Amino acid sequence: MRFAIGDTDFLLDGEPHRVLSGAIHYFRVHPDLWADRIRKAKLMGLNTIETYVAWNAHAPSPDVFDLSGGLDLGRFLDLVAAEGMHAIVRPGPYICAEWANGGLPYWLFADGTVGVRRDEPGFLAAVSSYLQALAPVLVPRQIDNGGPIVLVQVENEYGAYGSDPVYLQKLEQMHRAIGLTVPFTSVDQPMGTMLEDGSLPSLHKTGSFGSRSAARLERLRQAQPTGPLMCSEFWDGWFDSWGEHHHTTSAADSAADLDVLLAAGGSVNIYMFHGGTNFGFTNGANDKGVYRPIATSYDYDAPLDEAGRPTSKFHAFRAVIERYAPVPPLPASMEPGGSGRLASDAADGVGLEARVAPATDVAVRLDRVASLRSLLPTLTTWSAHDEPPTFDALGAASGFVLYRAEVDLPTGGVLTIGEEVRDRAIVSVDGVVVGVLEREHHDRAIALPPVTGTLELLVEDQGRVDYGIRIGEPKGLIGGVTVDGVPLSRWTAAPLALDPIAPSALDALSAVEPTDGEALAGPTFAAGSFDLDAVDDRYLALDGFRKGVAWVNGFCLGRYWSRGPQQTLAVPGPVLRSGRNDLVVLELHASASRTAHLLLEPSLGHTEG
């Protein structure tokens, strides 16, 4: 088969074809649930699945390119093909996506010499290696070769970042050089000169917007007089940041804008069809003067919620789509008020449908407690430094680094970070917490009590900036540390092995004797076990806990924070098991409770994002 760009339409084997696509990021969805989410996209009337490719997820270090498990992009694309659907792939190299560093590997910028998203030899050489590693996955799965891929996007909303046609030309050539033959696209907001700045004549321009469809398409047509109109990011919701309100959009208004787009003959990629979750420490952040880390949930107020159930948008969008294209029959379970689960079919490869929903919520008593300090030998090794090293220099992509120095301050003093805390530091003396420094509040100084002993700063990378000029910046205590203006030297530093959590730490926790009591004083680990007769997607409620990280059966669910808007953490059904399950929580501050709850539904006030 052939897919091409005609004068007015996309052409599939020479016939006009409308792309009806939905975004599912394979790296935000448990791989055992990919087939379920793809099947549901088809049921809404879509014929295509779009995904970014997260370079940094595949390449945790320069000499590794991981395509296994939840990073098996080939398997994801094969599941798309198995549903008779097409695929749009957006390998970047920059993807934004509210994902750590916009998908760019932290190690790429560790020495400070490599450029970011520009015509710079070090950056382009790394991109070339990245695309060559992707070639065995993408090239044989193009529609020309009998696969599902019909479009590939080069870069991502580059017009909002810069205007460098030489850089874009070199990227395009690299994509062609690995054997990609399908049409190439670009995407930008139809505002100002972004469409022109972010593309080339050889790239088919598409738009990104979520409202005012008629005006946006008109601007797109001005920038590109011929070819099919396409909104390749139709924003049907938005992402959430910690401490801000939960973002929602009206299903009726979004459906009306979709109707205008389709009535104009446009093609669409709904961003997102199913958002999923920023498991582990993969969330990004924004910094436009104030640092704002993205929440763990990436529910996005999408047609399919974080647990894979249809929302009101699913039904509103399906009603619009069926005016312009045939849609499959909808199973009763996917109708409004249904369970949202598909009927069991052992031959269809869909992992979740055969599971039976459990009947009750489950309380989990966290009765095994061990301080972070006591478990450090199982989580890390120390290294010595004259000044506090960055996360990047330590080879730490994300998570936490513990910095330690011996001090002699008989009258105390004012500790000051030279430039910036990135992103949050819990300051302790001799194991007693004295305060917190937060980048979000531009904190750089804190008063220390008299101490002759150990000064510790537990620094958390709360998410690498994914958009704008601060992409690629290092993490840690930037600019050194002084007390009353005198530099502190002779540090030791220890990155913590938390995603995945070190097996030796889990073993140590399992050996702790259970204790009574309620309150927890952090930073501390608390663990407990619970039994399930059957498994399904769940939500973890940590009422009374303040801030930290949670794991189920060793799988890192991500961060929780009582400031909201997110109130519960999504627990994918495939990480649970019939029989005994284990929950571990790292509480950084304090909790008035030692009981967590595994819920069938989000708790009251849960914002789904």
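Fair warning: this is a prediction, and the values are worked out from it, not measured in the lab.

With that settled, consider the overall build of the protein. The number of helices and strands found in the protein is 11 helices and 37 strands. By the compact-globule yardstick of 25 Å for 609 residues, the protein fits well, its C-alpha radius of gyration being 25 Å. A principal-axis box enclosing the C-alpha atoms of the protein has dimensions of 80 × 55 × 40 Å. Relative to its 609 residues, the protein shows a buried fraction of 61%. Relative to all contacts within the protein whose residues are 6 or more apart in sequence, the contacts with residues 24 or more apart total 78%. Taken as a whole, the protein presents about 21600 Å² of accessible surface, with 53% of it coming from carbon and sulfur. Distance from the positive charge centre (47 side chains) to the negative charge centre (76 side chains) of the protein: 1 Å.

Moving on, we come to empty space enclosed by the protein. Counting across every chain of the model gives four cavities of 30 Å³ or more. Its boundaries defined by the atoms lining it, the largest cavity holds a volume of some 110 Å³. Lining the largest cavity are 17 residues, and of these Arg37, Thr277, Phe279, Glu306 and Pro572 lie nearest its centre. Contributing elements (two or more residues each) for the lining of the largest cavity: β31 (538–541) and β34 (568–571). Its residues placed into classes, the lining of the largest cavity shows eight nonpolar, four polar and five charged. There is about 80 Å³ of room inside the second largest cavity. Together, 10 residues line the second largest cavity, and Ala307, Arg309, Arg341, Asp536 and Asp537 are the ones closest to its centre.

Inspection of helix α7 (residues 213–223) places Ser213, Arg216, Leu217, Arg219, Leu220 and Ala223 among the buried residues, and these make up the whole buried set. Looking straight down α7, one finds its buried side chains confined to an arc of 160 degrees; they lie on one side. Exposed residues on α7 whose side chains face more than 90 degrees from its buried face are Glu218 and Gln222. Turning to α7, the residues buried within the fold contact α6 (194–197), β9 (204–209), β10 (230–235) and α8 (251–263).

This brings us to helix α5 (residues 165–177). For an α-helix, the turn length of 3.6 residues means that residues three or four places apart are oriented alike. Compared with the 18 Å implied by 1.5 Å per residue over 13 residues, the 18 Å span of α5 between its first and last C-alpha is a close match. Taken together, the buried positions of α5 are occupied by Tyr167, Leu168, Leu171, Glu172, Met174 and His175. Down the axis of α5, the buried set is contained in an arc of 160 degrees. They therefore lie on one face. In α5, those exposed residues whose orientation departs by more than 90 degrees from the buried face are Gln173 and Ala177. Contact partners of the buried residues in α5: α4 (121–138), β7 (149–153), β8 (184–188) and α6. Downstream of α5 by one or two residues, Gly179 has phi in the positive range, about 110 degrees.

The next subject is the packing of α4 against α5. Put simply, α4 and α5 touch, their axes get as near as 10 Å, and they point 25 degrees apart. Comparing the axis directions of α4 and α5 gives the class roughly parallel. Between α4 and α5 lies a crossing whose hand is right-handed. Touching Phe123, Leu124, Val127, Ser128 and Leu131 of α4 are Tyr167, Lys170, Leu171, Met174 and His175, all from α5. The class makeup of the residues in the contact of α4 with α5 is seven nonpolar, two polar and one charged.

We now examine the sheet that holds strand β6 (residues 86–90). Judged by pairing direction, the barrel is parallel, and its eight strands sit side by side in the order β4-β5-β6-β7-β8-β9-β10-β11 before closing back on the first. Within this sheet the neighbouring strands show an average axis-to-axis angle of 30 degrees, counted without direction. Pairing of β9 with β10, which is carried by three bridges, proceeds in the parallel orientation. Bridge pairing in β10 links Ser208 to Glu233. Docked against the sheet, α7 engages β9 and β10, running at close to 155 degrees with respect to β9.

Strands sit in the order β15-β30-β35-β32-β33 across an open sheet of five strands; the sheet is antiparallel. In the strand order of this sheet, the two ends are held by β15 (368–371) and β33 (555–561), each with one partner. On average, each strand axis in the sheet is tilted by 20 degrees relative to the strand beside it, whichever way the strands run. Summarising the sheet, β15 and strand β30 (residues 524–532) pair through four bridges and their orientation is antiparallel. Paired with Ser371 across the strands is Thr524, a residue of β30. Contacting β15 and β30, helix α10 (residues 372–379) runs over the sheet at an angle of about 80 degrees to β15.

Our focus in this paragraph is the packing of aromatic side chains. The final tally for this structure, using the stated rule, is 25 aromatic pairs. Aromatic pair Trp238 and Tyr300: ring centres 6.4 Å apart, planes at 45 degrees, arrangement tilted. Highlighted residues: Trp238 in the loop between β10 and α8 and Tyr300 in the loop between β13 (291–293) and α9 (312–321), separated in sequence by 62 residues. A relative accessible area of 3% means that Tyr300 is categorised as buried. On the numbers, 6.1 Å between centres and 80 degrees between planes, the contact of Phe281 with Phe400 is edge-to-face. Of this pair, Phe281 sits in the loop between β11 (267–274) and β12 (284–287) while Phe400 is found in strand β17 (residues 399–409), placing the two residues 119 residues apart along the sequence. Residue classification places Phe281 among the buried positions, given a relative accessible area of 5%. These aromatic residues form a ring-pair network of at least three members: Tyr52, Trp235, Trp238, Phe239, Tyr271, Tyr298 and Tyr300. Of note, Arg563 hangs over the ring of Trp561, and the distance from its end group to the ring centre comes to 4.4 Å.

What follows deals with the pairing of β9. The buried fraction of β9 is high, at six of six residues. Here β9 shows no split at all, with His204, Thr206 and Ser208 on one side and Lys205, Gly207 and Phe209 on the other all buried. In terms of strand pairing, β8 meets β9 through four bridges, oriented parallel. Note that in β9 the partner of Ser186 across the bridge is Lys205. For the segment spanning β9, α7 and β10, crossover handedness is right-handed.

By secondary structure assignment, the location of Arg318 is in helix α9. One buried charged residue, Arg318, remains without a salt bridge, the closest side chain of opposite sign being Glu322 at 4.4 Å. For Arg318, the side chain forms a polar contact with the main-chain oxygen of Leu43, separated by 2.8 Å. Among all residues touching Arg318, those that are not within four sequence positions of it are Leu43, Met44, Val327, Pro328, Pro329 and Leu330.

Reading guide: rules and limits
The residue numbering used here restarts from 1 in each chain and proceeds along that chain's sequence as written. At least 70 in pLDDT is required for a residue's local features to be given in this predicted model, at least 80 for side-chain atom pairs to be given and counted, and no such filter applies to totals for whole chains, interfaces and linings, which use all residues. As a convention, hydrogens and water are excluded, and side-chain values are obtained from all of the structure's heavy atoms. A run of H or I in DSSP counts as a helix once it spans at least four residues, and a run of E counts as a strand once it spans at least two, with each numbered from the N terminus. We compute the radius of gyration from the C-alpha atoms alone; for a globule the expected value is 2.2 Å times N to the 0.38, where N is the number of residues. Exposed residues in this analysis have more than 50% of their type's maximum accessible area, buried residues have under 20%, and partly exposed residues fall in between, with area computed by a 1.4 Å probe over protein chains only. Any two residues whose heavy atoms approach within 4.5 Å are treated as being in contact. What sets the accessible areas is the Shrake-Rupley method with a 1.4 Å probe; for residues, cover comes only from the shown protein chains. Within this scheme the basic residues Lys and Arg register as positive and the acidic residues Asp and Glu register as negative, but His and the chain ends are omitted. Note on charges: their place is set at NZ of Lys, CZ of Arg, CG of Asp or CD of Glu. Two kinds of site are reported from a 1 Å grid over the protein atoms alone, namely cavities, where a 1.4 Å probe fits but cannot get out, and pockets, open sets with protein on both sides within 12 Å along at least five of seven lines, and residues are called lining when an atom falls within 4 Å of a point. Grid points are joined across faces, edges and corners, and a volume is the space filled by probe spheres set on the points. Only Asp, Glu, Lys and Arg are considered charged in this grouping, and only Ala, Val, Leu, Ile, Met, Phe, Trp, Tyr, Cys and Pro are considered nonpolar; every other residue, Gly among them, is considered polar. Our arc is simply the arc of the directions from the helix axis toward the C-beta atoms. Multiplying 1.5 Å by the helix residue count minus one yields the expected span of that helix. Helix axes are fitted only over the stretch in contact, all axes being lines through C-alpha atoms; the angle between N-to-C directions runs from 0 to 180 degrees. Between 65 and 115 degrees an angle is taken as roughly perpendicular, under 35 as roughly parallel, over 145 as roughly antiparallel, and anywhere else as oblique. By definition, turning the near helix anticlockwise from the far helix through less than a right angle yields a left-handed crossing, and turning it clockwise yields a right-handed one. Any two strands are treated as partners once DSSP identifies two or more bridges connecting them. Here is the rule: rings of Phe, Tyr and Trp (six-membered ring for Trp) pair when centre to centre is within 6.5 Å. Planes less than 30 degrees apart are stacked, more than 60 are edge-to-face, and the remainder are tilted. Both a distance and an angle decide whether a charge sits over a ring: NZ of Lys or CZ of Arg must be within 6 Å of the ring centre and within 35 degrees of the ring normal. Viewed with both strands pointing away, a crossover whose connecting path from the first strand over the helix to the second turns clockwise is right-handed. Here a salt bridge means any side-chain nitrogen of Lys or Arg lying within 4 Å of a carboxyl oxygen belonging to Asp or Glu. Contacts described as polar in this section are N or O atom pairs within 3.5 Å, which, within protein, must combine one atom able to donate a hydrogen with one able to accept it, while residues neighboring in sequence count only if both atoms come from side chains.

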